[in-house]
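A closer look at the structure
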Amino acid sequence: MDHIADLDARWEFLATMPIRYNGLVVETTNRCNAKCGMCYQSAGPRGSDVLGSATIQTDVLKRCIREAVEVPTLTPRFHLAGGEAFIHLNECFDLFRTAADCGYLDITGTTNAYWGNSTSRATQVATQLRECGVTSLEISWDYWHMPFVSAKAVSNALLACRDAGVDTNLRVLTTRSHGLSEALSALDPIAMARTNRISSGPVFPTGRAAKTIPREDIHASKSGIGGACHATLNLTVNSFGEVFPCCAGFDQTKNYLFGNIHNESIVIIAERINSDPIARTVVFGGVSSLLPILKRAGIDLGDDYSNICHLCWTIFSSDKSVAALRAHVDARRQRALEDVLKSLEVTEVSA
Amino acid sequence: MAATTNPLVQHRRTAVSAEHAATGALPLSMVWPITTAAGRFRSATFLLECSSDGEILPSASNIAKWVDSLHEWYLHAVGVSHGDGIHLLYDREVALMGSGILTCAEALQKIAVASRALGFGVSVSIDAEHALSERGRLEWLLAQGKISAVGLIITPSAARGRGPEIVRLLDDLAEQAINLGIIAELGPLFDIGVMDSAKVSKADLTWYPLDMSAAQTAIETNAKPPQPVRPCFARMRLFVDAGGDIYPCLGLVGVAAARIGNIADALCDTGLGDELSMTLLHRWACDGPDVPDEMLLAPTSGLPSLCEAHRGVLIEIEER
């Protein structure tokens with residue numbers, strides 16, 4: 001009984017818990033000068049294989065960056081991502097400067113470091129990034145980037161950032177046949193030693209990886225599909241201007257949308273996400289709590305998922321699954337309304 | 001403003017007054033509310049020492065008691081007690097580090113239980129040789145399920161001397177339901193085959209490369225960042241040393257002028273309970289310390305040059 005009471009208390013608490021974000025992530029474009037086999041965004045020179053090509057105008061983004069500081073549960077961190085956002089370097093500098101002027105304290109970006117091909121160019125870009133307020137960069141590097149970006153460019157960028165005072169986090173993805181050693185041993189050991197951090201982890205079978213990497217080559221995740229993501233969210237604007245509560249796959253779907261920065265303030269959209277029953281269920285209850293609803297609607301998604309992000313992307317990429325979830329929420333709302341009306345009628349009669 | 005007998009708080013008032021007077025940017029009457037600055041101190045790192053009789057310093061019960069009071073202070077300071085700022089309860093951590101601390105595994109567990117009950121994550125940082133010699137205690141501690149992250153420090157000599165054991169240790173840790181961070185020179189890890197391990201490759205890991213040659217190179221070439229990141233925002237969290245003294249960041253540990261208080265003090269009597277102290281800390285977080293660019297030198301200690309210079313400035317104030 002105590003256990004049930006605890007659970008009730010937990011849900012009561014979570015019913016009013018605001019969704020909290022580790023930062024604002026802006027994906028300026030889904031175009032990329034690379035076309036990596038593991039890309040969760042399916043990005044390439046012509047944009048996303050799935051969603052098409054999109055780039056947001058700088059003025060629209062600057063307004064969004066300024067407005068987002070008013071989201072009360074947003075940590076003051078600004079992160080610029082793509083595609084490869086840095087193919088439009090001057091726009092990136094402009095956006096970083098805007099974020100710094102607005103009071104974001106941690107100003108970061110993700111790049112494949114193609115701009116590091118020569119040491120002088122790497123130094124020039126890293127210095128300018130720092131001047132615009134950038135505090136750290138995530139540099140993507142692994143087996144799948146190798147055909148498109150040279151190891152020398154990545155090494156140059158790591159060293160240039162170090163000299164300019166920009167922290168770096170080297171992001172490396174792996175599968176069974178392409179491990180950590182293969183990616184790291186290609187880099188200059190001095191450059192690698194001078195990165196501040198290396199984050200390594202398995203490829204998720206989402207986006208292009210789901211199509212191009214054999215499922216048996218993808219590591220099974222130890223995390224499974226049981227957890228929830230409420231501690232790891234970022235308020236994310238994708239390259240179409242659509243706003244999502246994360247940048248780990250949900251942002252690459254188009255069937256369940258919350259609002260677009262071209263049409264309204266991100267503050268309003270963040271409020272909408274916070275009160276959305278499906279978003280709240282995913283964020284606090286865990287995406288696997290949607291599975292019984294889908295099963296009742298005749299949709300059996302099985303259980304072969306690497307992690308919660310893989311399952312989330314799968315559910316929200318399917319218009320059929322989303323329609324079933326919407327129908328469930330609508331039916332729940334209707335029932336709740338009827339119950340309230342009945343109880344009001346009873347109160348009226350007894351009065 | 002309440003009177004205080006705490007010399008540190010007095011110092012901070014002087015420091016805040018002097019800095020504000022110098023910049024003219026923030027009149028003394030305009031103090032930031034404690035709420036704004038308190039959100040920066042959601043986490044605490046304990047730099048522990050093991051005593052000869054197998055106890056840790058500060059003691060587990062004193063730490064547990066203080067973490068409890070920090071939690072109460074935090075709830076009040078960020079407004080949770082009044083129904084505000086509930087999202088600020090995320091990402092709070094109690095970090096435990098120090099040489100040989102696994103010999104006091106039961107004490108660590110006691111702190112972990114108390115901290116997790118209040119919603120803190122708990123991390124333990126240990127060096128690999130110690131972890132190998134106390135493997136049973138490490139396994140016992142992790143089996144209790146209260147440790148959420150482990151930081152493993154691997155020195156080049158440990159990697160060279162106990163390579164295969166370290167690979168096995170990393171394989172085992174990589175499979176646990178914990179966040180794992182590895183602090184090491186990468187070259188020796190390549191040599192002993194860590195990077196070729198399938199279990200290591202498949203895990204979500206964070207590596208913090210140690211670059212033993214960097215400081216020397218920086219000194220030789222007088223290399224210093226032309227434009228360092230000034231705001232202390234990302235570097236701020238509470239640090240508590242073995243004597244129980246509290247500091248606002250790693251760079252200022254041991255500097256008397258930066259001491260916020262002691263875990264034996266009531267929190268309201270420390271810098272955390274003092275508006276002017278919190279104002280100064282808030283300014284450091286947003287704008288960084290008042291250290292002129294010309295004072296920045298090539299870093300020698302592994303700390304950023306700005307932190308080294310700030311430390312120097314405060315020690316100088318202390319000595320005056």
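These numbers come from a predicted model, not from an experiment.

Conventions adopted
- Residues numbered from 1 in each chain as written.
- Chains lettered and ligands numbered in written order.
- Predicted model: local features only at pLDDT ≥ 70, side-chain atom pairs only at ≥ 80, totals over all residues.
- Heavy atoms only, no water.
- Helix = DSSP H or I, 4+ residues; strand = E, 2+ residues; numbered from the N terminus.
- Rg over C-alpha atoms; globule rule 2.2 N^0.38 Å.
- Buried < 20%, exposed > 50% of the residue type's maximum accessible area, 1.4 Å probe, protein only.
- Contact = heavy atoms within 4.5 Å.
- Areas by Shrake-Rupley, 256 points an atom, 1.4 Å probe, with all protein chains shown as cover.
- 1 Å grid on protein atoms, 1.4 Å probe; cavity = no way out; pocket = protein on both sides within 12 Å on 5 of 7 lines; lining within 4 Å.
- Points joined across faces, edges and corners; volume = space filled by probe spheres on them.
- Nonpolar A, V, L, I, M, F, W, Y, C, P; charged D, E, K, R; others polar.
- Core = buried A, V, L, I, M, F, W, Y, C linked by side-chain atoms within 4.5 Å.
- Pairing = 2+ DSSP bridges.
- Salt bridge = Lys/Arg side-chain N within 4 Å of Asp/Glu carboxyl O.
- Polar contact = N/O pair within 3.5 Å; in protein donor to acceptor, adjacent residues only side chain to side chain.
- Expected span 1.5 Å × (residues − 1).
- Axes fitted to C-alpha atoms, helices over the stretch in contact; angles between N-to-C directions.
- Parallel < 35°, antiparallel > 145°, perpendicular 65-115°, else oblique.
- Left-handed = near helix turned anticlockwise from the far one by under 90°.
- pLDDT = per-residue confidence, 0-100.

Here's the deal with the overall build of chain A
- Helix and strand counts for chain A come out as 13 helices and eight strands.
- Relative to its length of 351 residues, chain A is compact, with a C-alpha radius of gyration of 22 Å against a globular reference of 20 Å.
- The dimensions of chain A, computed from C-alpha atoms along their principal axes, are 85 × 45 × 40 Å.
- Relative to its 351 residues, chain A shows a buried fraction of 54%.
- Pairs at least 24 apart in sequence give 75% of the contacts found in chain A among residues at least 6 apart.
- Total accessible area on chain A is roughly 15,100 Å²; 53% of this is exposed by carbon and sulfur atoms.

What to know about empty space enclosed by the protein
Residue and element names in this part refer to chain B.
- Taken as a whole, this structure holds two cavities of 30 Å³ or more when the rule is applied.
- At three residues, the largest contribution of residues to the lining of the largest cavity is made by helix α13 (residues 305-319).
- Residue classes in the lining of the largest cavity are distributed as six nonpolar, two polar and one charged.
- Here the second largest cavity is characterised by a volume of approximately 30 Å³.
- As for the second largest cavity, its lining consists of Cys 232, Met 236, Pro 248, Cys 249, Leu 252, Trp 284 and His 310.
- Here the residues of the lining of the second largest cavity are counted per class, giving six nonpolar, one polar and no charged.

Concerning the nonpolar core
- Ranked by size, the top nonpolar core spans 178 residues in total, and within it Leu24(A), Phe316(A), Trp66(B) and Trp207(B) carry the most contacts.
- Counting residues per element, this core draws most heavily on helix α3 (residues 60-78) of chain B, at ten residues.
- Once residues lying within four places of it in the same chain are set aside, the contact partners of Leu24(A) are Ile65(A), Ala68(A), Leu74(A), Arg77(A), Phe78(A), His79(A), Tyr104(A), Leu235(A), Val237(A) and Ile266(A).
- Within the second largest apolar cluster, eleven residues are counted, among which are Cys36(A), Cys39(A), Val203(A) and Ala209(A).

Here we look at the pairing of strand β7 (residues 179-184) of chain B
Residue and element names in this part refer to chain B.
- In this sheet, β7 lies alongside strand β6 (residues 149-154) in parallel orientation, the contact comprising six bridges. Following the sheet pairing, Ile 154 is matched in β7 by Ala 184.
- Relative to strand β8 (residues 205-209), β7 is paired through five bridges, and the arrangement is parallel. Note that in β8 the partner of Ile 183 across the bridge is Tyr 208.

Quick look at unusual backbone geometry
- For the bond running from Gly82(A) to Gly83(A), omega is 15 degrees, close enough to zero to count as cis.
- Looking at the secondary structure, you find Gly83(A) in the loop between β2 (77-81) and α3 (89-102).
- Between Leu57(B) and Pro58(B) the backbone carries a cis peptide bond, its omega angle lying at -10 degrees.
- Residue placement: Pro58(B) occurs in the loop between β3 (56-57) and α3.
- Of note in the backbone geometry, Ser42(A) takes a positive phi value of approximately 55 degrees without being a glycine.
- In this structure, Ser42(A) sits in the loop between β1 (24-27) and α2 (58-68).
- The class of Ser42(A) is buried, set by a relative accessible area of 3%.
- You will see that Ala113(A), though not glycine, has its phi angle at about 65 degrees, which is positive.
- Structurally, the position occupied by Ala113(A) is in the loop between β3 (106-111) and α4 (119-131).

Considering the pairing of β6(B)
Residue and element names in this part refer to chain B.
- Within β6, five of the six residues are buried, which leaves the element mostly enclosed by the surrounding structure.
- Relative to β6, strand β5 (residues 121-127) is paired through five bridges, and the arrangement is parallel. Bridge pairing in β6 places Asp 127 opposite Ile 153.

With respect to the interface of chain A and chain B
- Each side of the interface is counted separately: chain A has 40 residues, and chain B has 38 residues.
- The tally of links from chain A across to chain B stands at two salt bridges.
- For the salt bridge of Asp91(B) with Arg20(A), the shortest nitrogen-to-oxygen distance reads 3.2 Å.
- Taken together, the links from chain A to chain B amount to twelve residue pairs in polar contact (both at pLDDT 80 or more).
- Counting only elements with at least two residues in the side of chain A that touches chain B, the list comes to α4, α5 (151-164), α6 (180-184), α7 (189-193) and β6 (197-202) of chain A.
- With six residues, β6(A) is the single largest residue contributor to the side of chain A that touches chain B.
- Here the residues of the side of chain A that touches chain B are counted per class, giving 16 nonpolar, 15 polar and nine charged.
- Both β6(A) and β8(B) contribute to a ladder of three bridges, which runs antiparallel.

Considerations on α5(A)
Residues and elements named next belong to chain A.
- The end-to-end C-alpha separation of α5 is 20 Å, in line with the 20 Å expected for 14 residues at 1.5 Å each.
- Within α5, ten of the 14 residues are buried, which leaves it mostly tucked inside the rest of the structure.
- Among the residues of α5, Ala 151, Ala 153, Val 154, Ser 155, Asn 156, Ala 157, Leu 158, Ala 160, Cys 161 and Ala 164 are the ones counted as buried.
- Positive backbone phi, approximately 90 degrees, marks Gly 165, located one or two places after α5.

Quick notes on the packing of α2(A) against α3(A)
Residues and elements named next belong to chain A.
- The geometry of α2 relative to α3 is characterised by a closest axis approach of 9 Å and an angle of 20 degrees between their N-to-C directions. Between α2 and α3, the crossing angle belongs to the class labelled roughly parallel. Like other packed secondary-structure pairs, α2 and α3 cross with a definite hand, here right-handed. Contacts between α2 and α3 involve Thr 58, Leu 61, Lys 62, Ile 65 and Arg 66 on the former and, on the latter, Glu 91, Asp 94, Leu 95, Thr 98, Ala 99 and Cys 102.
- Here the residues of the contact of α2 with α3 sort into five nonpolar, two polar and four charged.

A closer look at the confidence of the model for chain B
All names here are of chain B.
- Taken residue by residue, chain B gives an average pLDDT of 86. The fraction at 70 or more is 85%.
- Long-range and interchain partners of residues 16-31, a stretch whose pLDDT sits below 50, account for 22 contacts in this model, where long-range means more than four residues apart.
- Quick note on the complex model: pTM equals 0.89, ipTM equals 0.89.

Overview of the environment of Cys92(A)
Residue and element names in this part refer to chain A.
- Its location among the elements puts Cys 92 in helix α3.
- In this structure the C-alpha to C-alpha distance between Cys 92 and Ala 164, which are 72 residues apart in sequence, comes to 17 Å.
- Excluding residues that lie within four positions of it along the chain, Cys 92 makes contacts with Leu 80, Ala 85 and Phe 86.

Brief notes about helix α13 (residues 319-350) of chain A
All names here are of chain A.
- Here α13 is 32 residues long and its end C-alpha atoms lie 46 Å apart, about the 46 Å a rise of 1.5 Å per residue gives.
- Within α13, burial applies to Ser 321, Val 322, Ala 324, Leu 325 and Val 329.
- Elements in contact with the buried residues of α13: α10 (277-285), α11 (291-296) and α12 (308-316).

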